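Structure assessment
Read off the chains here:
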Amino acid sequence: MTALTYLSGPWRDEVEKRLKADLSPEKMNFISSSMSNIYTNCPDGKNHFLFFQFEAGIFKTVLTGTQEPPKAEFRITGDYQVFAKISRSELGSQKALMTGKLKLKGNMIKALKLASVADRINKVVATIDAQY
Amino acid sequence: MTQTDPYFINFPSRIQGIQEKMAAQNIDFYLGSRLRTLSWVSDVFCPWRSFVVIPAQGMPALFSFVIDAARIADETWIDEDHVFGFAPMGGQDQIEQIADYINDLARGKKVRIGIESGMSNYLPEGNITQYEYEKYSAAIANCELVNAHTIIDSLAMIKDEGTINRFKEASRIVDIGHEAVYDALKDGGWKGMTETEIGGLAGYAMRKAGSEFEWSFTGGNEIASGYRTGYTGGACTPATRRELHLGDPLMVDIHSMYKLGLGDHSHNYFIGGATDRQRWHADNFLKIVTQTLATYRAGISPCDLAEKMMDLAEAGGFSDYMVPGFEHGIGMMGDEWRIGLNDGPFPYWTNPEHIYQENEVLICAMQYACPEEEIGFRYENPIVLHQDRCEALSKFRLSVDDID
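Residues numbered from 1 in each chain as written. Chains lettered and ligands numbered in written order. Predicted model: local features only at pLDDT ≥ 70, side-chain atom pairs only at ≥ 80, totals over all residues.

The next point concerns unusual backbone geometry. Residues and elements named next belong to chain B. Positive phi, normally seen in glycine, also occurs at Leu260, with a value near 70°. Looking at where Leu260 falls in the secondary structure, it is placed in the loop between strand E8 (249-258) and strand E9 (261-271). Residue Leu260 is classed as buried on the basis of its C-beta count, with 26 C-beta atoms lying within 10 Å. With a phi close to 105°, Trp337 is a non-glycine residue in the positive phi region. Along the polypeptide, Trp337 turns up in strand E11 (residues 336-337). (Helix = DSSP H or I, 4+ residues; strand = E, 2+ residues; numbered from the N terminus. Buried ≥ 20, exposed ≤ 12 C-beta atoms within 10 Å, placed from the backbone.)

Further remarks concern the sheet that holds strand E4 (residues 83-86) of chain B. Residue and element names in this part refer to chain B. The mixed open sheet is built from six strands, whose spatial order is E4-E3-E2-E1-E5-E6. Either end of the sheet is taken by a strand with one partner, and the two such strands are E4 and strand E6 (143-147). Along the sheet, successive strands turn relative to each other by an average axial angle of 25°, direction set aside. Sheet topology note: the strand E2 (residues 50-55)/strand E3 (residues 61-65) ladder contains four bridges and is antiparallel. The residue of E3 that forms the bridge with Ser50 is Ser64. (Pairing = 2+ DSSP bridges. Axes fitted to C-alpha atoms, helices over the stretch in contact; angles between N-to-C directions.)

Residues and elements named next belong to chain B. Within the secondary structure layout, Asp402 lies in strand E15 (residues 400-403). Classification of Asp402 by C-beta neighbours within 10 Å gives partly exposed; the count is 15. Along the chain, Asp402 and Ile9 lie 393 residues apart, while their C-alpha atoms are 42 Å from each other. The contact partners of Asp402, leaving out residues within four places of it in the chain, are Phe270, Gly273 and Ala274. (Contact = placed C-beta atoms within 7 Å.)

All names here are of chain B. Here chain B is partitioned into domain 1 (11-156) and domain 2 (161-403). One C-alpha centre belongs to domain 1, the other to domain 2; they are set 33 Å apart. Taken together, the contacts link 19 residues of domain 1 with 12 residues of domain 2. For the side of domain 1 that touches domain 2, the secondary-structure elements that each account for two or more residues are helix H2 (35-42) and helix H6 (149-156). (Domains from an automatic or database assignment.)

This part takes up helix H4 (residues 94-106) of chain B. Residue and element names in this part refer to chain B. For H4, with 13 residues, the first-to-last C-alpha span of 18 Å sits near the 18 Å given by 1.5 Å per residue. Buried within H4 are the following residues: Gln94, Gln97, Ile98, Tyr101 and Ile102. In an axial view of H4, the angular spread of the buried residues amounts to 125°, which keeps them on one side of the axis. Contact partners of the buried residues in H4: strand E1 (29-32), E2, E3, E4 and strand E5 (111-115). Positive backbone phi, at 50°, marks Arg107, one or two positions downstream of H4. (Expected span 1.5 Å × (residues − 1). Arc of directions from axis to C-beta.)

Here it is in structure tokens:
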């Protein structure tokens, strides 16, 4: 399989396929939530987003795009290169938050329940051979 | 908690009262940081740095250190969507989180924000710091910060029925602590006992009876024995490892908390009986406490009362031993020290001309100290002021007991 362009349509399709296959509702702790990752300083000069929505632990929506993302319970903003490092497993998302490389908007109490789930999602995403 | 619960407090009504005063002062948001404000508004103990944001209308939002935020969300009446934890993470530190919250609601409009600034003898007061002031000023768009703590102070001054009932229950618990101390001291039980042990005995008995906290920042339960009872002008005695000795005076000043209502009562003893001179001091002390309790009522001022009581002490030949103050303020957890509003000749100290009103609660507090004879006594008791009298909430006997 050739490397997919990061944040492209085919890459999004692969992300959705692998998340649904690898993360059962049990592994997702049956959580219902949504999050938008907002990528700034992207190579094409635009801002991109990656949006996840899951209900009772089941992935309902995975979206990418350059327009305003759907409203989400959590909004995580950061530099494209920071997200790229997380997607390559070169940087942990929690470390990125704790060092201020990413900014989280949303209720921290609820976000704590999502921390391990977010790590699992990132690990699955990292299995995709992508071109950055 | 329902309205029929004796400890019920109508918190939405409190918020509405704040919002009405905010409107009168053209304040768009109230940013509370004092412990007293957090207790009075949210009905939950916030031991870590916390803030409450009260908008012009609707539900307040509570922000605390993330390690305690879930517990606070569980205990407060405020719904969980309005309780937030802050943490050292991007976008989640207290300045950015609260500024974002206000900016989102303000939608670019110029806003006037009430803050809590000032000074206090009470270390955990929680006034906004200079750093916080500067950072909030910079992070909240188009804002003007104005000092507005009088809004809360004026609303919290007169206690409602639920608050008074919480104080009554805290005092009932304090009395259980005093009984436990007395039972432990009597019949030679005092031998080998230390001040810290007495503090712990009282604490255990009060906790068993439902107290949440020996709330005073002065070391929890204040126990003083021997010469430590007689510090000049002293009214702060964290317990030490000092062992009791025959002939010691002993001061037992213990604190309980019930639903953020505070118990605070001090009782005094002689270990192994008193000399005639010691008993003379004790009788002076009991006389002035009795007279003070008989004098407190609505319509008088701290100054009036102090003058009368110091005249009594002078006539009795013991004014040299009296600390000339007879009260300190009290409210839900975090509200300690100043009486009334910040309107006296010395900013942030009690106004000596403050006129007491019905249903104010204060701690009737007196310290008698004779350092040269290594003897002293303390009286503290929450009192509710009525039109023609005061109601002492601790019912423990007023005496200086001889312990065999």
